[in-house]
Amino acid sequence: MADISTTLPLSRASVLSAHELIRPHVHRTPVLTNTTLSRLASAPRSPDDLKGTRFEGRTTPARPKLRLWFKCENLQRTGAFKVRGAFHALGRLMMEEGWVEGGGKERGVVTHSSGNHAQALALAAREWRTRAHIVMPSVSVPQKMAATGGYGASVYFSGSTSVEREAVADRVVRETGARLVPPYDHPDIMLGQGTLGIELQEQVVELQRGEAVGEEGLDAIIAPCGGGGMLSGVALSAEGTGIRVFGAEPSFQGADDGKRGYETGRRVESVSTLTVADGLRTPVGEWPWKVIYERRLVSGMYSVTEDEIKKAMRLVLERMKLVVEPSACVGLAVALFDEDFRAMVEREGGDRGWDLGVVFSGGNVGVDAIGRLFSE
């Protein structure tokens, strides 16, 4: 990464600058709506729906009014939002004094990732004509491994926890002299990921104007949270706009470290989980935590079960005809199934309700994996 002393301030203005830098390298992915999903999110859940859930026994179901706007980063290059941070990080590194002249491009860059950041950095390195060394957990999705190697990266394997990944990455750095580009815990990554938030805000206004609706703009955005690079970047993109930002996580085997840390005021530093949302198996990083919690630019964190994630994913596949990975569906699952979130929208949105941006973070899931998910 570029030296931390040279990074831009963590602000909305810096996200806008990042957007200008990476614009030639990334897609302005579409924003889609779906009447059925907005209707389902706005419908009260019956007592039978709540049986066996953490909300069983609630006598008054939430009745929010939600208009959902989906930012489809599953249609991004490499199939996920991660290219934004990767291109911004490498773009800033190329600007670092002495890095190119001192042989930095020949030594290259290294990272650790379960797949989406791995593919993103491999692609960015190929376009910037530098080498990429990628550490991937051996349990990563096979398609993600194949794609990473296909972009020309050297792939190394590790255990599934962040500690195991980082240990192998440290060894590769020592052996190659390559520069570490972390998957989420650096301002350059956060600012790059936040560019999707800028686009989402602009696109919703454009679409609303085309429909000649009375109100313009989003009330809130909900985004998946693993290491927190994208969530914190989106929060920075909304700074000062009045748009609230929320994080969504899986709850399985403690994968909701961001929510637990947010509620206790202490960042959870390690996570070991095999949630179906494989892109969200990492703890929130130090730099994202500063934005998410310490600066309170994220208004709340919510978590959903494996079953709720799969239900949301099925709805996207069947009703929107979009291929999304489980990690991409946690925000929609919160809007559909989390009674605390839904009650908050009902309370604060009133009769008008909320225009809610939902980030589909990626679509890197194989047909065989989809079949296994829904055959269980």
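An unreviewed UniProt entry annotates the chain as Pyridoxal phosphate-dependent enzyme, beta subunit of Metarhizium rileyi. Its UniProt record gives the chain the following Cofactor (unreviewed entry) comment, quoted word for word: "pyridoxal 5'-phosphate". For the record of the chain, the UniProt heading Sequence similarities (unreviewed entry) holds the text "Belongs to the serine/threonine dehydratase family."

Asker: How should I be thinking about the overall build of the chain in this particular structure?
Answerer: When helices and strands are tallied, the chain shows 17 helices and ten strands. In terms of C-alpha radius of gyration, the chain reaches 20 Å, essentially the compact-globule figure of 21 Å for 376 residues. Counting only C-alpha atoms and orienting by the principal axes, one finds that the chain spans roughly 65 × 45 × 40 Å. Relative to its full complement of 376 residues, the chain shows a buried share of 60%. Within the chain, contacts between residues at least 6 apart in sequence are counted, and of these 75% link residues at least 24 apart. Carbon and sulfur atoms make up 49% of the accessible area of the chain, which amounts to about 14800 Å² in all.

Asker: Would you mind showing me how to read the state of the cysteines here?
Answerer: Counted according to the given criterion, the structure contains zero disulfides. In this structure C225 is a free cysteine whose sulfur lies 16 Å from that of C329, the closest cysteine sulfur available. Unpaired in terms of disulfides, C329 finds its nearest cysteine sulfur in C72, a separation of 11 Å.

Asker: Sorry, what's going on with the nonpolar core here?
Answerer: Nonpolar side chains tend toward joint burial in soluble globular proteins. Ranked by internal contacts, the top residues of the largest apolar core, which has 43 residues, are L68, F70, L332, F341, L356 and F360. The dominant element in this core, judged by the number of residues it contributes, is helix 15 (residues 330–337), at seven residues. Ignoring any residue separated from it by four or fewer positions in sequence, one finds L356 in contact with L66, R67, L68, W69, L218, A220, I221, I222, A335 and F341. Formed by 33 residues, the second largest nonpolar core is a distinct cluster that contains L218, C225, L236 and A238.

Asker: Explain the domain arrangement of the chain here, please?
Answerer: The figure often quoted for interface size is the accessible area lost as the parts come together. Per the domain assignment, the segments making up the chain are domain 1 (30–75 + 218–374) and domain 2 (81–180). Just the C-alpha atoms count here: the centres of domain 1 and domain 2 sit 28 Å apart. Taken residue by residue, the interface counts 15 residues in domain 1 and twelve residues in domain 2. At the boundary of domain 1 with domain 2, total buried surface from both sides reaches about 1200 Å², with 45% on carbon and sulfur atoms. For the domain 1 face of the interface with domain 2, the top three residues by lost area are E73, D278 and N364, together amounting to 37%. Taken together, the links from domain 1 to domain 2 amount to one salt bridge. Where R84 meets E73, a salt bridge forms, and the shortest distance between an N and an O atom there is 2.8 Å.

Asker: What should I look at first to understand the pattern of salt bridges in this one?
Answerer: Note on pairing: side chains with opposite charge can pair once their charged atoms come close. One pass over the full model with this rule turns up 26 salt bridges. Measuring nitrogen to oxygen at the nearest pair gives 3.7 Å for the salt bridge that ties R28 to E202. One end of the pair, R28, is in the loop between helix 1 (12–22) and strand 1 (31–32); the other, E202, is in helix 10 (residues 195–211), with 174 residues separating them in the sequence. Residue R28 is classed as partly exposed on the basis of its relative accessible area of 42%. With a closest N to O distance of 2.1 Å, R244 and E348 form a salt bridge. Linking R244 in strand 8 (residues 244–250) with E348 in helix 16 (residues 339–349), this pair joins segments that are 104 residues apart in sequence. A single salt-bridge network, built from bridges that share partners, covers R67, D219, R352 and D355.

Asker: What's the story with the packing of helix 1 against helix 10 in this structure? I'm lost.
Answerer: How two helices pack is summed up by the angle between their axes together with the distance between the axes. The N-to-C vectors of helix 1 and helix 10 enclose an angle of 95°; their axes lie 8 Å apart at closest approach. In this view, helix 1 runs roughly perpendicular relative to helix 10, as classed from their interaxial angle. The residues of helix 10 that touch helix 1, namely those facing R12, V15, L16, A18, H19 and I22, are T195, I198, E199 and Q201. Along the lines of polarity and charge, the residues of the contact of helix 1 with helix 10 split into five nonpolar, three polar and two charged.

Asker: Just checking my understanding: could you explain the sheet that holds strand 4 (residues 132–137) for this structure?
Answerer: Strand pairs in the sheet, formed through backbone hydrogen bonds, run parallel or antiparallel to each other. The four strands are arranged 5-4-3-6 in an open sheet whose pairing can be described as parallel. Pairing within the sheet leaves two strands with one partner each, and these edge strands are strand 5 (154–158) and strand 6 (179–180). Note: strand 3 (residues 109–112) against strand 4, four bridges, orientation parallel. Across the sheet, residue V110 finds its bridge partner in strand 4, namely H133. In the packing of helix 6 (residues 116–128) onto the sheet, contacts are made with strand 3 and strand 4, and the angle to strand 4 comes to roughly 170°.

Asker: What is the right way to look at the packing of helix 14 (residues 306–320) against helix 15 in this model?
Answerer: One can describe the packing of helix 14 onto helix 15 by two numbers: an axis separation of 8 Å at closest approach and a directional angle of 100°. The orientation of helix 14 relative to helix 15 falls into the category roughly perpendicular. For the pair helix 14 and helix 15, contact is made by E308, I309, K311, A312, L315 and V316 and by V330, L332, A333, L336 and F337, respectively. For the contact of helix 14 with helix 15, a count of residues per class yields nine nonpolar, no polar and two charged.

Each value, and the rule that gives it
- Residue numbers here run from 1 along each chain, matching the order of that chain's written sequence.
- Confidence filtering applies because this is a predicted model: local features only for residues at pLDDT of at least 70, side-chain atom pairs given and counted only at 80 or more, and all residues used for totals across whole chains, interfaces and linings.
- Based on all heavy atoms of the structure, the side-chain values leave hydrogens and waters out of the count.
- UniProt positions are given in the numbering used here, feature names are shortened, and annotations may be inferred rather than shown by experiment.
- Secondary structure elements follow DSSP: runs of H or I of four or more residues count as helices, runs of E of two or more count as strands, with numbering from the N terminus.
- Atoms considered for the radius of gyration are the C-alpha atoms alone. The globule rule reads 2.2 Å times the number of residues to the power 0.38.
- Categorising residues by exposure relies on relative accessible area from a 1.4 Å probe, with only protein chains included: less than 20% of the type maximum marks a residue as buried, more than 50% marks it as exposed, and the intermediate range marks it as partly exposed.
- Note on definitions: a residue-residue contact is assigned when non-hydrogen atoms from the two residues lie within 4.5 Å.
- Methods summary: accessible areas were calculated by the Shrake-Rupley approach with a probe of 1.4 Å, and residue burial reflects only the protein chains presented.
- By definition, disulfides here are pairs of cysteine sulfur atoms that lie within 2.5 Å.
- For the purposes of this section, nonpolar cores are sets of buried Ala, Val, Leu, Ile, Met, Phe, Trp, Tyr and Cys residues that join through side-chain atoms within 4.5 Å.
- The split of the chain into domains comes from an automatic or database domain assignment.
- A 1.4 Å probe defines the accessible area here, and the buried area is the portion of it lost by two parts on being joined, summed over both.
- Between Lys or Arg on one side and Asp or Glu on the other, a salt bridge is scored when a side-chain nitrogen of the former is within 4 Å of a carboxyl oxygen of the latter.
- The angle between two axes is taken between their N-to-C directions and runs from 0 to 180 degrees, where each axis is a line fitted to C-alpha atoms and a helix contributes only its stretch in contact.
- For classification, angles of less than 35 degrees are called roughly parallel, those exceeding 145 degrees roughly antiparallel, those between 65 and 115 degrees roughly perpendicular, and all remaining angles oblique.
- Put simply, Ala, Val, Leu, Ile, Met, Phe, Trp, Tyr, Cys and Pro go in the nonpolar bin, Asp, Glu, Lys and Arg in the charged bin, and everything else, Gly too, in the polar bin.
- Following DSSP output, two strands are said to pair if at least two bridges run between them.

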